[in-house]
Amino acid sequence: MSKVQVMDHPLIQHKIALIRDKDTGSKDFRELVEEIAMLMGYEVTRDLPLKEVEIETPIATAKAKMVAGKDVAIVPILRAGLGMVNGMLNLMPTAKVGHIGLYRDPETLLPVEYYCKLPVDIEHREVILVDPMLATGGSAIDAINSLKEKNAKHIKFVCLIAAPEGVKAVTEAHPDVDVYIAALDEKLNDHCYIVPGLGDAGDRLFGTK
Ligand code: PRP
Ligand code: URA
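A brief report on the enclosed structure follows.

Here is what the cut-offs are and how they apply
Residues numbered from 1 in each chain as written. Chains lettered and ligands numbered in written order. Predicted model: local features only at pLDDT ≥ 70, side-chain atom pairs only at ≥ 80, totals over all residues. Heavy atoms only, no water. Helix = DSSP H or I, 4+ residues; strand = E, 2+ residues; numbered from the N terminus. Rg over C-alpha atoms; globule rule 2.2 N^0.38 Å. Buried < 20%, exposed > 50% of the residue type's maximum accessible area, 1.4 Å probe, protein only. Contact = heavy atoms within 4.5 Å. Lys, Arg positive; Asp, Glu negative; His and termini not counted. Charge placed at Lys NZ, Arg CZ, Asp CG, Glu CD. Near = heavy atom within 4 Å. Polar contact = N/O pair within 3.5 Å; in protein donor to acceptor, adjacent residues only side chain to side chain. Areas by Shrake-Rupley, 256 points an atom, 1.4 Å probe, with all protein chains shown as cover. Nonpolar A, V, L, I, M, F, W, Y, C, P; charged D, E, K, R; others polar. Arc of directions from axis to C-beta. Phe/Tyr/Trp six-rings, centres within 6.5 Å; stacked < 30°, edge-to-face > 60°. Lys NZ or Arg CZ within 6 Å of the ring centre and 35° of its normal. Salt bridge = Lys/Arg side-chain N within 4 Å of Asp/Glu carboxyl O.

## Focus: the overall build of the protein chain
Check the secondary structure of the protein chain and you find six helices and 13 strands. The C-alpha radius of gyration of the protein chain comes to 18 Å, within 12% of the 17 Å expected for a compact globule of 209 residues. Looking at the protein chain as a whole, 45% of its 209 residues qualify as buried. Counting contacts in the protein chain only where the partners sit at least 6 residues apart, residues at least 24 apart contribute 63% of the total. If the 24 positive side-chain charges of the protein chain are averaged to one point and the 31 negative ones to another, these points end up 3 Å apart.

See below:
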């Protein structure tokens, strides 16, 4: 059964309010998406295993803990997921980055995959799949299918804004995948856009509309 966590930290809520605003331009939007991803990454990595180490301080030997080298792969769903990569990399600079290219066909609203390039050792990595929007769930489900086809085993999905329909679809299709959300919205509209949402995340990040 998937764990679904809505991360309602005040700083995250504040920044989500700013990216929802239609008057927030691409530069600010990009910076905010990166900052929210970093704040979320803090919680998403909470269960990384630790190992005990001994450190010489200027005063004495200290028993301390360091991350036990469980390797991470950050995988954005193109395009909009790219906006979350640097925020995650700020926390985990040695993580590898894979890419899955998907777009929603405007007629069928079904995801069409056009690219998939993952770290060769993806099966040994903790995979953090990122995409700002979880609407119908089609794109996330398809991306997780692609990851599993390449033998990825430990997958977490991190998104900024989700519709209840998408959360249900992803957790039913992939009950082994935990889902982290910054804001859970009300519903989808007739065009399967999230209401109130923030519009088209890719266009807002890259200024394409
Ligand atoms: C957006 C978004 C997700 C997808 C969510 O991408 O970034 O990938 O829609 O919708 P779903 O849950 O109904 O699948 P889009 O298809 O607009 O592609 P883009 O990032 O290339 O603009
Ligand atoms: N994709 C987006 O970018 N926004 C939505 O609201 C739904 C899908």
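## Description of the site of ligand 1
In the neighbourhood of ligand 1, 15 residues make up the surrounding shell, with Arg104, Asp131, Thr136, Gly137 and Ser139 lying closest. Within the side chain of Arg79, an N or O atom sits 2.8 Å from an oxygen atom of ligand 1. With the chains in place, 90% of the 500 Å² that ligand 1 exposes on its own is no longer accessible. Put simply, the parts of the chain that give the shell around ligand 1 at least two residues each are strand E6 (99-104), strand E9 (133-134) and helix H4 (138-149). With three residues, the single largest contributor to the shell around ligand 1 is E6.

## Remarks on the site of ligand 2
Around ligand 2, a shell composed of Arg104, Met133, Ala135, Cys192, Tyr193, Ile194, Gly199, Asp200 and Ala201 is seen. Measuring from an oxygen atom of ligand 2, one finds a backbone N or O atom of Ile194 at 2.8 Å. Taking Ala201, its main chain carries an N or O atom lying 2.8 Å from an oxygen atom of ligand 2. Within the complex, 87% of the 240 Å² of free accessible area of ligand 2 lies under protein. Each residue belonging to the shell around ligand 2 can be placed in one class, and the counts come to six nonpolar, one polar and two charged.

## Regarding helix H1 (residues 10-20)
Among all positions in H1, only Ile12, Lys15, Ile16 and Ile19 are buried. Viewed end-on, H1 has its buried residues packed into an arc of 105°, placing them on one side of the element. In H1, the exposed residues that point more than 90 degrees away from the buried face are Pro10 and His14. Structurally, H1 contributes buried residues whose contacts are with helix H2 (26-44), strand E10 (154-162), strand E11 (178-184) and helix H6 (201-206).

## Here's the deal with unusual backbone geometry
Following Leu78, the chain continues to Arg79 via a peptide bond in cis, the omega torsion being -5°. Counting through the fold element by element, Arg79 comes out in the loop between strand E4 (72-78) and helix H3 (82-91). Residue Pro196 follows Val195 across a cis peptide bond; omega there is 0°. By secondary structure assignment, the location of Pro196 is in the loop between strand E13 (194-195) and H6. Of note in the backbone geometry, Leu109 takes a positive phi value of approximately 65° without being a glycine. Secondary-structure assignment places Leu109 in the loop between E6 and strand E7 (111-117). The phi angle at Asn151 is positive, at roughly 75°, despite the residue not being glycine.

## Thoughts on the packing of aromatic side chains
One pass over the full model with this rule turns up one aromatic pair. Taking 6.1 Å as the distance between ring centres and 35° as the angle between the ring planes, the aromatic pair formed by Tyr103 and Tyr114 counts as tilted. Taken together, the residues span a long stretch of sequence, with Tyr103 in strand E6 and Tyr114 in strand E7 at a distance of eleven residues. Overall, the relative accessible area of 44% leaves Tyr114 in the partly exposed class. Just above the ring of Tyr193 sits the side chain of Arg104; from NZ or CZ to the centre is 5.5 Å.

## So, the pattern of salt bridges
Under the definition given, this model contains 13 salt bridges. One salt-bridge network, in which partners are shared between bridges, spans Asp47, Glu126 and Lys156.

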